[in-house]
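Observations on chain architecture
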Amino acid sequence: NKFVYVSRFPRAGSRCGAKMGDNSGADEAAIVRAGAKVWCPNSLQVWIPVTIDSVNEEGNKIRVVTEAEEYINITFNGKGSCRVQSELDGEEPFDFAVESLPPQNPEFLQGHNDLTALAYLHEPGILHSLRVRFQQDKIYTYTGPILIAVNPYRQLPLYTKEIQQQYHEKDMRIMEPHVYAMADAAYRSMVSQGTNHSMLVSGESGAGKTETTKIIMRYLADVSSEVGGGDEGSNVEAQVLGTNPILEAFGNAKTPLNDNSSRFGKYIQLHFDKFGRVTGCEIRTYLLEKSRVTWQEPGNRTYHIFYQLMAGLSQQQREDLGLSGTTKDFEVLRNQDAVAIEGIDDAAEYSDVLDAMNTIGITNEERDNLWRAVAAVMHLGNIAFAAKAGGTTDSCEVETTSTSYKKACELLQVEPQAFQQAVVMRKYKVAGEEIDTPRTVEQASDVRDALSKALYLRSFKWLVRRINECIPKSKDSKFFIGLLDIFGFERFETNSFEQLCINYTNEMLQQQFNRHIFKEEQREYKRENIQWSFVDFRDNQEVLDLIEKKPIGILPLLDDECMKPKGSDEGFATSVLSANKASSLLRKDRFANSGFFVRHYAGDVFYDTTGFVEKNRDELAPSIVDLLARSSSSFTSSLFTAAKTSAAASKRGPGPQQRSSSAAASLTEESVSSQFRSQLHRLMDLVGATEPHYIRCIKPNSLKMPTLIEGDAVVEQLRCQGVLEAVRITQHMYPSRVQHEDLYERFRVLAPSVTGPNPKVRCENLLKALNMKEDSWQVGRTKVFFRVGELALLERRRLAKLHGSATLLQSKFRGRQCRQRFLLQRASAIVVQARARGFLARLLAARIRRTRAALRLQTAVRCMMAYNRMKTMRAASIKLQSATRGMRVRKKYRVVRRERAALRMQKYFRMYQNRNRFVKLRNSVVAFQAATRLLFDRRRFKHLKAEERERRRIEEEKRRIQRRMEEQRKEKEELKKAKQDLEALMQESKRRQEHMEHEMTQQREELEGKIQEQAAVAERNATQIAERDAALKESKERETTLERDRASMSARIAELERKNTESEQRLAESSRERGQLEARREEALARIGELERKLQQAEERAIRLEDRRDELEAEMREMQKYSLQQREELEEKRASLEHETVTLKSEIERRTEREESLRNEVSALQQRISDEATSRAKVEELMAKESTEGNQLKEMLHSLTLEKTRLEERNTALTSQLEEAKERVGTLELSVRELETARSELDSQRAALEDKVHRGEAERRSLAESSEALRKKLAASDAATAELREQMQAVQRERDELAAAKASVERDVAEAKRHGESVEKERARADEALGKAEQRIEELQSKLEEALRTESSLRSTSEATARDLEHTKSSLAERQTAFAALEQRHAAGEERARAAETELHATKHR
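Residues numbered from 1 in each chain as written. Predicted model: local features only at pLDDT ≥ 70, side-chain atom pairs only at ≥ 80, totals over all residues. Heavy atoms only, no water.

A short note on the packing of aromatic side chains
One pass over the structure, following the stated rule, counts 18 aromatic pairs. For the ring pair phenylalanine 306 and tyrosine 456, a centre distance of 5.5 Å and an interplane angle of 25° mean the geometry is stacked. A residue pair is termed long-range when its members are at least 10 positions apart, and phenylalanine 306 in helix H8 (residues 304–312) and tyrosine 456 in helix H14 (residues 441–470) qualify at 150 residues. In this pair, the class of phenylalanine 306 matches that of tyrosine 456, namely buried. Ring geometry for phenylalanine 597 versus phenylalanine 606: centroids 5.0 Å apart, planes at 50°, classification tilted. Each member of the pair, phenylalanine 597 together with phenylalanine 606, is buried. Each residue in the set Phe497, Phe572, Phe596, Tyr607 and Phe612 is aromatic and connected to the rest through ring pairs, giving one cluster. (Phe/Tyr/Trp six-rings, centres within 6.5 Å; stacked < 30°, edge-to-face > 60°. Helix = DSSP H or I, 4+ residues; strand = E, 2+ residues; numbered from the N terminus. Buried < 20%, exposed > 50% of the residue type's maximum accessible area, 1.4 Å probe, protein only.)

Let's talk about the sheet that holds strand S23 (residues 736–739)
The strand order S23-S25-S24 describes an open sheet built from 3 strands, whose pairing is antiparallel. Across the chains shown, the open sheet's two edge strands, defined by having one partner strand only, are S23 and strand S24 (777–779). Between one strand axis and the next, the sheet turns through 20° on average, direction left out of account. Judged from the 3 bridges that link them, S24 and strand S25 (residues 783–786) form a sheet pairing that is antiparallel. (Pairing = 2+ DSSP bridges. Axes fitted to C-alpha atoms, helices over the stretch in contact; angles between N-to-C directions.)

Quick look at the sheet that holds strand S13 (residues 278–286)
Pairing within the open sheet is mixed, and its 7 strands lie in the order S7-S8-S22-S9-S18-S12-S13. Edge strands, defined here as strands with exactly one partner in the open sheet, are strand S7 (140–143) and S13. Between one strand and the next, the sheet's axes are offset by a mean angle of 20°, whatever the strand orientation. In this structure, strand S12 (residues 265–272) lies alongside S13, joined through 8 bridges in antiparallel fashion. Its bridge partner being in S13, lysine 266 is matched across the sheet by threonine 285. Sitting on the sheet, helix H4 (residues 179–193) is in contact with S7, strand S8 (146–150), strand S9 (197–202), S12, strand S18 (479–485) and strand S22 (691–698), with an inclination near 160° to S9. Strand contacts of helix H23 (residues 672–688): S9, S12, S13 and S18, with the helix running at about 145° to S13, the strand carrying the most contacts. (Contact = heavy atoms within 4.5 Å.)

Thoughts on the pattern of salt bridges
Summed over the entire model, instances satisfying the criterion amount to 35 salt bridges. A salt bridge links aspartate 626 to arginine 630, with the nearest nitrogen and oxygen atoms 2.9 Å apart. For arginine 630, a relative accessible area of 53% gives the class exposed. Three or more residues joined by partner-sharing salt bridges are found here, namely Glu123, Arg491, Glu716 and Arg719. (Salt bridge = Lys/Arg side-chain N within 4 Å of Asp/Glu carboxyl O.)

Description of the nonpolar core
Among the nonpolar cores identified, the biggest contains 138 residues, and Phe250, Ile305, Phe306, Trp371 and Phe419 are the most heavily contacted of them. It is H14 that provides the largest number of residues to this core, a total of 13 residues. Beyond its immediate chain neighbours, meaning those up to four positions away, phenylalanine 306 contacts Leu333, Val374, Val377, Met378 and Tyr456. Formed by 49 residues, the second largest nonpolar core is a distinct cluster that contains Leu200, Leu500, Leu546 and Val613. (Core = buried A, V, L, I, M, F, W, Y, C linked by side-chain atoms within 4.5 Å.)

Let's talk about the packing of helix H26 (residues 740–747) against helix H27 (residues 759–769)
Remark: H26 packs on H27, axes separated minimally by 9 Å, with the N-to-C direction vectors making an angle of 45°. Judged by the inter-axis angle, H26 sits oblique to H27. In this structure, the crossing between H26 and H27 has a hand that is left-handed. On H27, the residues touching His740, Glu741, Leu743, Tyr744 and Phe747 of H26 are Pro759, Lys760, Arg762, Cys763 and Leu766. Residues that form the contact of H26 with H27 fall into these classes: 6 nonpolar, 1 polar and 3 charged. (Parallel < 35°, antiparallel > 145°, perpendicular 65-115°, else oblique. Left-handed = near helix turned anticlockwise from the far one by under 90°. Nonpolar A, V, L, I, M, F, W, Y, C, P; charged D, E, K, R; others polar.)

Focus: a positive patch on the surface
Taken together, the side chains of Arg890, Lys891, Arg894 and Arg898 make up a positively charged region of the molecular surface. By the secondary structure assignment, lysine 891 is in helix H28 (residues 790–1013). With a relative accessible area of 59%, lysine 891 lands in the exposed category. (Patch = residues over 30% accessible without salt bridge, like charges linked within 9 Å, V, L, I, M, F, W, Y side chains within 5 Å. Areas by Shrake-Rupley, 256 points an atom, 1.4 Å probe, with all protein chains shown as cover. Lys, Arg positive; Asp, Glu negative; His and termini not counted. Charge placed at Lys NZ, Arg CZ, Asp CG, Glu CD.)

Quick word on unusual backbone geometry
Between lysine 550 and the following residue, proline 551, the backbone shows a cis peptide bond with an omega angle of 5°. Within the secondary structure, proline 551 is located in the loop between helix H16 (541–548) and helix H17 (554–563). Residues other than glycine seldom take positive phi values, yet aspartate 137 does so here, at roughly 60°. With respect to the secondary-structure elements, aspartate 137 resides in the loop between helix H2 (123–135) and S7. One non-glycine residue, threonine 707, adopts positive backbone phi at about 65°. Its place among the elements puts threonine 707 in the loop between S22 and helix H24 (711–720). Among the residues examined, threonine 707 registers a relative accessible area of 53% and is labelled exposed.

Some details on the side chain of glutamine 778
With respect to the helices and strands, the residue glutamine 778 is situated in strand S24. Using a relative accessible area of 16% as the deciding quantity, one classes glutamine 778 as buried. Leaving out residues up to four positions away in the same chain, glutamine 778 has contacts with Ile530, Gln531, Tyr734, Lys783, Val784 and Phe785.

Topic: the confidence of the model for the chain
Mean pLDDT over the chain: 76, with 67% of residues reaching 70 or higher. Of the regions scoring below 50 in pLDDT, residues 1–30 engages in 108 contacts with residues more than four places distant in sequence or in other chains. In the predicted structure, residues 646–669 sits below a pLDDT of 50 and forms 14 contacts with residues beyond four places in sequence or in another chain. (pLDDT = per-residue confidence, 0-100.)

Considering a nonpolar patch on the surface
Together, Leu857, Val861, Met864 and Met865 make up an exposed nonpolar region whose accessible area comes to about 360 Å². For leucine 857, a relative accessible area of 54% corresponds to the exposed category.

Focus on the pairing of S22
Of all 8 residues that make up S22, 7 are buried, and the element is covered over most of its length. By the bridge criterion, 5 bridges tie S8 to S22 in an arrangement that is parallel. Pairing of isoleucine 146 across the sheet is with tyrosine 694, part of S22. Bridge analysis of S9 against S22 gives 6 bridges, and the strand direction is parallel. Each bridged residue has a counterpart across the sheet, and for histidine 197 the counterpart in S22 is glutamate 691.

Printed below as a string of structure tokens:
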């Protein structure tokens, strides 16, 4: 039966006042006794397991022994503490604040996956369970609804897809603890119940908060993608996961405790629709550590993004941003011992950040603006200040020689001089006037650092805001799951403003945790109908009031101090201590004036107030803000425009009377503490409106080593995260809970007779039968609740009962085992005896059978040995005879083979000589043909090349003539137009002159009449008359000048007409030359076409020849293949024939041997046998000749037939003679019969040989015919192939020559085209000059029209006439100048034409 403790962690709203050793009802007498296993305090491991060895009568002195058999004496003083001293020599005693020794839990509960299932829920029990599970690679443990996660500092196979599927839609109570189980429970509750959830991840730096948050996000994204299954959802999930590398790059940094420490808090809201699909994401950040930008402690480094840019940017990008150096060149990266992180590639991390930005939707322009801002921060850190030369130390200036100063201004896009003025000068407003005062070097450095921090902080906020814009909340969003990755409780040697804000946050979260847990506990008791009394715990609200309550809280007093003109850190510390002197949670340090102690839920923390006021103000000089708000960069301007607008709004104020209060309110709203308080309260409201889930991350050791757990560090973290606080609360309630069925099934062995109608009644009867204290347990509707230690007592009694029962069972079982062993041994002895007797009888029977078999075997062996000796002798005789005969035959065979090889060598040598003569002759013919064709082709190619050059020359001449004709045509038109203008001008001038002469004649007549009529006034008018005479004289002179100009114009016009005639003649000549060039060009084109046609025909012929060659080669290969097959078949048949001949020889030799064996006794047969041997030798000679020359095979067969007849006759005679000698030679009768048998076999073999010889003859004839035909085909193929190769070589040479000629022609044509393009450009420039000349002529025409209008206006009087004449003269002079300029342009045009012609000649020459 499976026994499971199902327990909910008790949740209270205040701190527990019970001590760690308070067992609340546990049987102390049963615990403090000899042999009991308890926990002993230790200075190194916090708690160690020991066994009590002895206890004195008073019970205040205990002697214990450790697992290493080391004895320790423990003395209790009765004041809540004890002294522990080891019995080893030299060990110093230690004092611990412990009232009693906590008992150890049963072994089966040690390492349980839920700490609330422990029988003794105390600090050493929790620490030991975590250590056991950690050593088993079980890093997750439940404490009721809290999940404790211990950082393993190594990769474990806990986050694969398979494990993720195991936890999907599973009840977390039946699965091993895992962060997947918490995430899945929140997700399923959100989808099924429609509620919002929050997952609060806390822990100190290096505990794994960030990784846990990423694991949860990845799980929720994967589960959402499985539900959605669409591309759009997958894109949103990828965007959500892409926020992690970006935020880690800009908000995480390396510390001595953690290589990827998150230096800010964040709350990520993942929005889901009603189906559970991710629809958006919203990120809120809290309290970024700005000071890390400009200063880091040893072993730390600044944010990752600075190092990623240095490692990941390309060389061009680094040069553009001024980052071409190394990290040693930048002051903000000065901690060189912490630059590199083992196992981390900054270049690869930079690539991940780029991929994440592309996934989210941040544009390249926005990314480049962000990189410029980060690079500007790096360059700002390198800006140095120095006191002004000749000035005081109260003023300074920027060292402008630094490249970082100029580069920072360039990246921020501000004027360097304005930037220097804003940094080194401070502006005040007094009586409406601005006053500038210089800053010292230290003050200017502070302003520079403040600007760096402000620029990075605002860039970070812009990035978070941009991420939220790229992944907006969809309209389909119904629920959300919030992930809070917040900094844990911090207590360092020096605690500043940041630690106060972080611990203030943890106090708020602890209060929310206590209230939520305690409410859940109340609901659990009410649901189970348990009678319980409310436990009044001291809440941490007092600490929160001490920090935030107005007007005497720490943060409000800090805002008040910041409003004072001369507010200081010492004044702030004094005001806090004086305002809260009655509080027990705040006390002063005896040795420090600038600080105070605050009693938090996790312990007392001393805060050093140095820098509190400055950090809370977070001021940036208005001149700096105004300068950056006016930056040319829209990105930089947008970062500081909002701050400028806010500052301006706060400065305007409502009126003079309310201006001070408005300024105070504005400062309070703008201070860091007020902003953080408002953010934190909004966060608590948001978390309070959701269903929270708690994950406490633990760092096992400070060395980052796997499998190592430091007890003091883990206990400190459990205390700081409120886990031990919750444990203390639990000891006042019912921490152990068991289901009715599980309790009855496990403990019914203590009272087997107890029954009941239902599980609840059975459990009540069982506990009453066991005499349990009534106030130590209660039975609910589904569970049984126990006080601390009561369940362990039940377990102890159950173990004792099971131990007694096990002893009885063991005794009975051992007796039965002995009886069965005895019966088995007796039966085995009987079987062994029977088997032994049978074995001996079988041995005797076997001996008798072996003796008989030996006698029979000896007989057979002796017989076989005698037979083998006889057989060996006979075989040796036969072998000797066969060797002798074979030697003779091989000697003859070698002679025949040598003769055959000589004939073959002669045949091949003669063939080689004939072949060489043929090849030499063919090569000579081919070389002669090639040389001849090459000579003709070269001549033809030179002729074609000359024609092509002539064609190009003609084309160039044609284009030159066309160009000259065009220029002459334009000059003719200009001259014609100028001639018309001059004739019109001369006619108009003549007409005006005649009109003026007529008017002057009339005036002269009138004057003469008036002279006669006005003689009296002649003296008065004499002067006027003289003046008029002078005017008339001047007019006559002007008329003379006009006559001379008219004559020169006429001569110029005649000259232009003569030139025009010459131009027309040259144009006609050019036209004739153009016609000739066109004819020659057509002829050259016809020749080129003919050459191309011939080239195409040659290529087609070459293609056909190549196809024919391929066909012949394929046919040749087929014929060679067939010839080889025929040769192989012939060789096989020849080999078989030779084999049969050899067989026949062996048979004949055998017969000869038999005849020779009869030679001594049958003398009459010796002559006949010798004749037969001679015939046999002739047959062998004929067979050898047949193998050499196939055409003599028929004669050999005929001779063999005759020999066969003679042998038959001789065999018949021999038979008759043998029959006659049978009576005389009785001993040879057997030999004669054997001879007859051999003779019959020889006859059959000879008949078979004759058949095979006939068949071989027929096959040989057919092979000879096929070989002859094949040789003819091969000869024809060789001839065709030789001819084809010659033709192909000739075609190839012709093709190469044509290709070379064609390439040369193409190069010449391309060069002519390029020169033609240059000439066209010159022609275009000449056209442009002519166009300008025409424009100038039009201007002259307009001026001439204006002169005509002027002349008509001066007709009224003589003075007007004189002025008109002067103006006409000046107009004529201008026209002459214009005509001179026109002639110069014409001369320049002719010069350009000559230059173009010269260039054309040079081009033609080239």
